[in-house]
Amino acid sequence: MHVVKYMFQPHGDERGQLVSLEEFIDIPFAIKRVYYMYDTLDGVVRGKHAHKSLKQILICISGSCKVLLDNGKEKKVVNLEKPYEGLYVDNDMWREMYDFSKDAVLMVLASELYNEKDYIRNYDEFLQYINQKK
Ligand code: T46
């Protein structure tokens, strides 16, 4: 499985750092939605689903967390710990986010508006779905 991690350009000066993200320049899709999670409790695993169409970039803008990516054949764990790195998560990819540090803020840039119909929340259904697409 090829993991795509973007390293964004920080614009640093004597005051600190700034990262700017523009659709189709830094982000490979039109950004239709932004959401973020914080105050995640110890031991919590979020996600545990795949999307049929949605593409996203995950950025841990504060603290750190881990993301498990699973395409049904292979699994990879990615650490997110820098506010200038973004993990691309394609459609048809099972994801789980865990090991959130207390100060973690995980921001997500999404290619579509929120649509519950796009979710596959059962792992066996996910495997069936991707296998029948082949
Ligand atoms: C994903 C991972 C990385 C909304 O009302 N609008 C939204 O845009 C989102 C994302 C969620 N919600 C509501 C739906 C639930 O009542 O917020 C609640 C928590 O959502 P969920 O349990 O889906 O959150 P996660 O952290 O398990 O998953 C989220 C995204 O839903 C998902 O698309 O890929 O983050």
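Above this note sits the structure.
This report concerns the structure included in the present document.

Examining the overall build of the protein
Helix and strand counts for the protein come out as 1 helix and 10 strands. Listing every helix and strand of the protein by position from the N terminus yields β-β-β-β-β-β-β-β-β-β-α. The C-alpha atoms of the protein give a radius of gyration of 15 Å, which matches the 14 Å a tight globule of 134 residues would have. Referenced to the eigenvectors of the C-alpha coordinate spread, the extents of the protein come out at roughly 55 × 35 × 25 Å. Taking all 134 residues of the protein together, 37% fall into the buried category. Expressed as a percentage of contacts within the protein between residues at least 6 apart in sequence, the contacts between residues at least 24 apart total 77%.

Here's the deal with the pattern of salt bridges
The full count for this structure, using the stated rule, is 8 salt bridges. Where lysine 32 meets glutamate 112, a salt bridge forms, and the shortest distance between an N and an O atom there is 3.5 Å. One end of the pair, lysine 32, is in the loop between β1 (5-7) and β2 (33-37); the other, glutamate 112, is in the loop between β9 (105-110) and β10 (119-120), and 80 residues separate them in sequence. Taking the relative accessible area as the measure of exposure, lysine 32 reaches 47% and is therefore partly exposed. Ionic pairing is found between aspartate 70 and lysine 75, a salt bridge with its closest N-O pair at 3.7 Å.

Description of the environment of alanine 50
Tracing the backbone shows alanine 50 in strand β3 (residues 46-51). Among the residues examined, alanine 50 registers a relative accessible area of 0% and is labelled buried. Considering only alpha carbons, one finds alanine 50 and lysine 75, 25 residues apart in sequence, at a separation of 13 Å. If we ignore the near neighbours within four places in the chain, the residues touching alanine 50 are Met93, Trp94, Arg95, Asp118, Tyr119, Ile120 and Phe126.

Comments concerning the sheet that holds strand β4 (residues 56-62)
Strand order in the open sheet formed by 5 strands is β1-β7-β4-β9-β2, and the pairing between neighbours is antiparallel. Both outer strands of the open sheet, β1 and β2, are each paired with one neighbouring strand and no more. Taken pair by pair, the neighbouring strands of this sheet meet at an average axis angle of 25°, ignoring direction. Across 5 bridges, β2 lies against β9 in antiparallel orientation. Bridge pairing links valine 34 to leucine 109 in β9.

What to know about the side chain of threonine 40
Here threonine 40 is to be found in the loop between β2 and β3. If near-sequence neighbours (up to four positions away) are discounted, threonine 40 is found in contact with Arg46 and Phe100.

Structural notes on the layout of surface pockets
Here the largest pocket is characterised by a volume of approximately 250 Å³. Lining the largest pocket are 16 residues; nearest its centre among them are Tyr35, Met37, His49, Met97 and Tyr119. When the residues that make up the lining of the largest pocket are grouped by side-chain class, the tally is 8 nonpolar, 4 polar and 4 charged.

Rules used throughout
- Residues numbered from 1 in each chain as written.
- Predicted model: local features only at pLDDT ≥ 70, side-chain atom pairs only at ≥ 80, totals over all residues.
- Heavy atoms only, no water.
- Helix = DSSP H or I, 4+ residues; strand = E, 2+ residues; numbered from the N terminus.
- Rg over C-alpha atoms; globule rule 2.2 N^0.38 Å.
- Buried < 20%, exposed > 50% of the residue type's maximum accessible area, 1.4 Å probe, protein only.
- Contact = heavy atoms within 4.5 Å.
- Salt bridge = Lys/Arg side-chain N within 4 Å of Asp/Glu carboxyl O.
- Pairing = 2+ DSSP bridges.
- Axes fitted to C-alpha atoms, helices over the stretch in contact; angles between N-to-C directions.
- 1 Å grid on protein atoms, 1.4 Å probe; cavity = no way out; pocket = protein on both sides within 12 Å on 5 of 7 lines; lining within 4 Å.
- Points joined across faces, edges and corners; volume = space filled by probe spheres on them.
- Nonpolar A, V, L, I, M, F, W, Y, C, P; charged D, E, K, R; others polar.

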